[in-house]
Amino acid sequence: MIASETLARLEFDKLLAEISRHAHSSCTAEHIGCIRPLNDLQAMRTTSGRIDEIRALDRSGISLAFGHFEDIRSSLELLRPVGAVLAPLELLQFSPVLRLYADLARQCMYREDITLLKTIEPQLQSFPDILEPLVASIDSDGSIMDSASTLLRETRRAKRGLAGRIRKKIEEIIRDNGIEKFLQDDFITQRSGRWVIPVRMDSKGMVKGVVHDVSSSGETAFMEPLEIIPFVNELENLTAEERAEEIRILRQLSSWIREDADQIAACFNTLLELDRLNSMARFATEFDLEPARINEEGELRLVEARHPLLLLMQKRGVLKNVEPLGLELGSPVLDAASVMVITGPNAGGKTIALKTAGMLALMALSGLPVPAGPRSTFPLLDSLLVDIGDEQSIEQSHSTFSAHAARITGILRQSGVSTLVLLDELGAGTEPLQGAAIACGVLHELQQQGSMVIATTHLSDIIGFVHQTPGMINAGMAFDDASFTPLYRLIVGEPGQSHAVEIARRFGMPEGVIAFARQMLGNAGSEFASLLAELRQRRNDYETQLRSLDVRERSLDQRSAELDMRAEHVIQIRKEAAEKGWNDAKELISATRRRTNALLDELKREKRSEIVEELRQAEMELIAQLKPQAASMELVPLTSVTQGDAVHISSLGYDGVVLSLDARHAKARVRARRMELDVLLTDLSKPRGAAGRSAKKGSAASWKVDIVESEQRELKVIGLRVDEALAELEPFINHAAAAGLREVRVIHGIGSGRLRDAVREELERHPLVDGYRPGEPHEGRDGATIVVLRS
């Protein structure tokens, strides 16, 4: 059981107040204010799961059908006695509640993704026999409507008709009897439910009627003419009938609610629970909180954790940034420490780190989502004990130290296994050496009891004890030594410094005082500070190098993935081209076969069998010639490979140039067209460009561009698309370089300039190209590019 005092010290009530802003009723806000950490692990997981189901609905664009409602429990209690009748405004409170019952029941009835929400008992049900007459009877202002009953509607219609007749009769009396001159004003009004006209006091004897009232000035008498008294009496009778019918309606509505009072009250508790869960889900969505993971192994791990109240301040613009907190205690797998002591400067964030750990533990134990990363986990605690703040008391004769001592004594009596202890400014308030000794004793005792402990202190004597004790670990708050400002970041495994002298100097302490203080510290303090500063600098250097290596590794992974993707794309294009060529060849063969069959039929009729055989042989030769040459050409293996060699990549089916060799892994980095990739040496063979061309010369493939290695020094790509031209440019450059040519010409024409720019961009990246220039007048000007190859 976690004490209310602990909740107050960790400001849990402020968190609950923020959650209650999302409630739809004041009674729900009170219900939220009563949230407390749970002892049952299953109850925690159930609450967390229900909140997660509401958030899942919200992510899919579905919100629970909530609206504002009032607390009806006191009205239900008033209705318990038989014959009790509620006033219209009290009955009006039931309408939105019963409407919410119906809407939420209908919304949840057929859904299969809210199994935990459906386990809330009792499930909501609609009460149409009460809601419909209630809506038809009570208006939004609490008045009873004409639609409440037929008798009430007819009675009110008769009243309105009779009132009109009375007004008309009074107007006739004034007009026909000539009494306008005796009137104080020209209007008809009512006094004590009677219809009257304002008559001057000195003329009241001139008008036949009954005086019902006199003005405050005494100059006007409000008189009811005698002729309308029977009509007014009849109107009063109708008013009495109307009131009797209204009472009957209220009694009937109250009786119907009384019959189902128990079910309505039970459903109201379910409504409160749903509104409470919905408020928690809304708060979690507002700050992007994560479902809390609870473990029974006693492990506390915070990853990217932030205090929720600081996040609220950041949202309101009070804070610019909230530094995340990361720590780990009690991990049985990693053999993590169970005691952590945090040191560092004043206002450096030590207490915030302490309160963040405590607040998030409370949220997790309450089933609330937490502002931390998904890898965070929280132990199932029996108790959470804290000593935060100064409790000095004049009445109890307690100093700062004695107040802390009394509080820690109580903690030592209550702590044990499954206990998290948070101690702020441990050992403070007394002589430093003795305070440090007592602090070390407290830490040792709590560790022996099996508690997890997070403590803050300014006493450097505790650091050595923690460092030498197994199961304990130092931590410090980061500090910028250049600007002497705290960074509010926890560094686990490295103690912090108070930096009191630097902070005092920053706030204007005289230099004489600062110099005297440094002298008083002596060499030991300076050496200790220098050692910590050096350790921090080394850690920062290592972190910088790790970040650099991480960025480089991600870049290499991305580049490797891109190359793999491009290689797959090239292979796919090659396969598609081969399939298209083979399909075209089969189409040609089919056409040739049809023609050949016709000739065969004719030749058979002439009995020339030798010609038939020759035609069949020609058909077989045609098929052999049209098969993809890549499948039939024999690859010539390489005896050795050096940088700059032109090679053929068997797995891709393309020629390339060797850029570098990796003898250790038997790989080579090869540039094939516009790709650079690593391939095994066994995948390389002699380039096939020359053999391919010589084989193609005898065929009818006139759409290909031929190059004679030692004689022809130019490539014409006019009329080709960019990708086609670049596909021809690669082997042309490779073979020209292999032939020892120093300068070649690529003729691309002028046109829109797109083909020219693509060719020159490719030349600029090619490893065998030393440079290029536009052609001279006799070389084609800007319609050609002169390429200078590396010697």
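The rules behind the values
- Sequence order as written defines the numbering, with residues in each chain counted from 1.
- Only residues with pLDDT of at least 70 get local features here, since the model is predicted, and only at 80 or more are side-chain atom pairs given and counted; chain-wide, interface and lining totals rely on the full set of residues.
- Calculated side-chain values reflect all of the structure's heavy atoms, with hydrogen atoms and water omitted.
- Among the buried residues, those of types Ala, Val, Leu, Ile, Met, Phe, Trp, Tyr and Cys that are joined through side-chain atoms within 4.5 Å form a nonpolar core.
- The buried label goes to any residue with under 20% of its type's maximum accessible area, the exposed label to any with over 50%, and the partly exposed label to all in between, with areas taken from a 1.4 Å probe on protein chains only.
- The secondary structure listing takes helices from DSSP runs of H or I that are at least 4 residues long and strands from runs of E that are at least 2 residues long, numbered from the N terminus.
- Only heavy atoms matter for contacts: two residues are in contact if any of them lie within 4.5 Å across the pair.
- At least two bridges found by DSSP between two strands are what make those strands a pair.
- To get an axis, a line is fitted to the C-alpha atoms, and for a helix only the part in contact is used. The angle between two axes follows their N-to-C directions and goes from 0 to 180 degrees.
- Any Lys or Arg side-chain nitrogen found within 4 Å of a carboxyl oxygen on Asp or Glu counts as a salt bridge.
- The labels follow the angle: roughly parallel below 35 degrees, roughly antiparallel above 145, roughly perpendicular from 65 to 115, and oblique for the rest.
- Here a crossing is called left-handed whenever its near helix is offset anticlockwise from the far helix by less than a right angle, and right-handed whenever the offset is clockwise.
- For this classification, the nonpolar set comprises Ala, Val, Leu, Ile, Met, Phe, Trp, Tyr, Cys and Pro, the charged set comprises Asp, Glu, Lys and Arg, and every other residue, Gly included, is treated as polar.
- Pairing of aromatic side chains here covers Phe, Tyr and the six-membered ring of Trp, requires ring centres within 6.5 Å, and sorts the geometry by plane angle: under 30 degrees stacked, over 60 edge-to-face, intermediate tilted.
- Put simply, a charge is over a ring when the Lys NZ or the Arg CZ is close to the ring centre, within 6 Å, and near the line of the ring normal, within 35 degrees.
- The term polar contact refers here to a pair of N or O atoms within 3.5 Å; inside protein, the definition further demands a hydrogen-donor-capable atom paired with an acceptor-capable atom, and it admits residues adjacent in sequence only when both atoms are side-chain atoms.
- By definition here, a helix of n residues has an expected span of 1.5 Å times n minus one.
- Regarding the arc, it is the one traced by the directions from the helix axis to the C-beta atoms.
- On a range of 0 to 100, pLDDT expresses the predictor's confidence in each residue.

A separate point is the nonpolar core. Residues Tyr101 and Leu384 are the most contacted members of the largest nonpolar core, which totals 103 residues. No other element matches the 13 residues that helix H11 (residues 261-286) contributes to this core. Here Leu384 is in contact with Ile2, Thr6, Leu10, Gly358, Ala361, Leu362, Leu420 and Leu422, once residues within four sequence places are set aside. Listed in part, the 21 residues of the second largest apolar core include Val717, Val722, Val744 and Ala758.

The subject of this paragraph is the sheet that holds strand E1 (residues 189-191). Pairing within the open sheet is antiparallel, and its 4 strands lie in the order E1-E2-E4-E3. Among the strands making up the open sheet, the edge pair consists of E1 and strand E3 (209-214). On average, each strand axis in the sheet is inclined to that of its neighbour by 50 degrees, with strand direction left out of account. Across 4 bridges, the pairing between strand E2 (residues 194-200) and strand E4 (residues 220-225) is antiparallel. Bridge pairing in E4 links Ile197 to Met223. Against the sheet, helix H9 (residues 150-176) touches E2 and E4, its axis set at about 25 degrees to E2. Running over the sheet, helix H10 (residues 229-259) touches E2, E3 and E4 and is turned about 140 degrees from E2.

Applying the stated criterion across every chain, the model contains 45 salt bridges. Measuring nitrogen to oxygen at the nearest pair gives 3.9 Å for the salt bridge that ties Glu304 to Arg306. Residue class for Glu304 comes out partly exposed when judged on its relative accessible area of 45%. A salt bridge links Glu730 to Arg671; its shortest N-O distance comes to 3.7 Å. Separated by 59 residues along the polypeptide, Glu730 in helix H22 (residues 722-738) and Arg671 in strand E17 (residues 667-672) bring together distant segments of the chain. Relative accessible area serves as the criterion here: at 3%, Glu730 is assigned to the buried category. Counted as one network, the salt bridges with shared partners bring together Asp146, Arg156, Lys159, Arg160, Glu242, Arg243 and Glu246.

This part covers the sheet that holds strand E21 (residues 743-747). Within a sheet, adjacent strands bond to each other through the backbone by hydrogen bonds, running parallel or antiparallel. Pairing is mixed across the open sheet formed by 4 strands, whose spatial order is E20-E21-E23-E22. Edge strands, defined here as strands with exactly one partner in the open sheet, are strand E20 (714-716) and strand E22 (769-774). Mean inter-strand twist for the sheet, computed between neighbouring axes without regard to direction, equals 20 degrees. Direction of pairing for E20 relative to E21: parallel, over a ladder of 3 bridges. Following the sheet pairing, Lys716 is matched in E21 by Ile747.

What follows deals with the packing of H9 against H10. At their nearest, the axes of H9 and H10 sit 9 Å apart, and the two run at 160 degrees to each other. Looking at the two axes, H9 sits roughly antiparallel to H10. Two packed elements cross with a definite hand, and for H9 against H10 that hand is left-handed. Together, Leu151, Leu152, Thr155, Arg156, Ala158, Lys159, Leu162, Arg165, Ile166 and Lys169 of H9 and Phe231, Val232, Glu234, Leu235, Leu238, Thr239, Glu241, Glu242, Glu245, Glu246 and Ile249 of H10 make up the contact between the two elements. Its residues assigned to classes, the contact of H9 with H10 comprises 10 nonpolar, 2 polar and 9 charged.

Bringing the packing of aromatic side chains into the picture now. Under the counting rule described, the total for this entry stands at 3 aromatic pairs. Their ring planes at 55 degrees and their centres at 6.1 Å tell us that Tyr101 and Phe127 sit as a pair that is tilted. Here the residue Tyr101 occupies a position in helix H7 (residues 94-108), and Phe127 occupies one in the loop between H7 and helix H8 (128-137), the gap between them amounting to 26 residues. By the burial criterion, Tyr101 is buried, and Phe127 matches it. Both rings, one in Phe283 and one in Phe287, keep their centres 5.1 Å apart while their planes meet at 55 degrees; by these two values the pair is tilted. In this structure, Phe283 and Phe287 share a single accessibility class: buried. Directly above the aromatic system of Phe222 lies the positively charged group of Arg191, at a separation of 4.1 Å from the ring centroid. Of note, Lys315 hangs over the ring of Phe287, and the distance from its end group to the ring centre comes to 5.4 Å.

What follows is about the side chain of Ser149. Mapping Ser149 onto the fold places it in the loop between H8 and H9. In terms of polar contacts, Ser149 uses its side chain to reach the backbone amide nitrogen of Leu152, at 3.1 Å. Among the polar contacts made by the side chain of Ser149, one reaches the side chain of Glu245 at a distance of 2.7 Å. Discounting residues that sit within four places of it in the chain, Ser149 has contacts with Glu245, Arg248 and Ile249.

Let us now look at H9. Look at H9: 39 Å from first C-alpha to last across 27 residues, which is about the 39 Å you get at 1.5 Å a residue. Among the residues making up H9, those that are buried are Leu152, Thr155, Arg156, Lys159, Leu162, Ala163, Ile166, Ile170, Ile173 and Ile174. Of the surrounding elements, those touching the buried residues of H9 are E2, E4 and H10. Of the residues that open H9, the one with a side-chain oxygen 3.1 Å from the backbone nitrogen of Leu152 is Ser149. In the stretch just after H9, Gly178 is the one whose phi turns positive, near 60 degrees.

Another point: H8. Among all positions in H8, only Ile130, Leu131, Leu134 and Ser137 are buried. All buried residues of H8 project into a common sector of 140 degrees when viewed along the axis, lining one side. Turned more than 90 degrees from where H8 packs its buried face, Asp129 and Glu132 sit exposed. Packing partners of the buried residues in H8 comprise helix H6 (88-92), H7, H10 and H11.

Once that is clear, we can look at the environment of Ala23. By secondary structure assignment, the location of Ala23 is in the loop between helix H2 (12-20) and helix H3 (26-33). As for Ala23 and Arg276, which are separated by 253 residues in sequence, their C-alpha atoms are 6.8 Å apart.

Within the element layout of this structure, His404 appears in helix H14 (residues 400-414). The class of His404 is buried, set by a relative accessible area of 10%. Note: C-alpha distance between His404 and Gly429 (25 residues apart in sequence) is 8.4 Å. Contacts of His404, omitting those with residues within four sequence positions, involve Asp387, Gly389 and Asp424.

What follows concerns the confidence of the model for the protein. Across the protein, pLDDT averages 83, with 85% of residues at or above 70. Note that residues 392-398 has pLDDT below 50 and, in this model, 8 contacts with residues that lie over four places away or in other chains. The low-confidence segment residues 629-633 (pLDDT under 50) makes 8 contacts with residues lying over four places distant or belonging to another chain.

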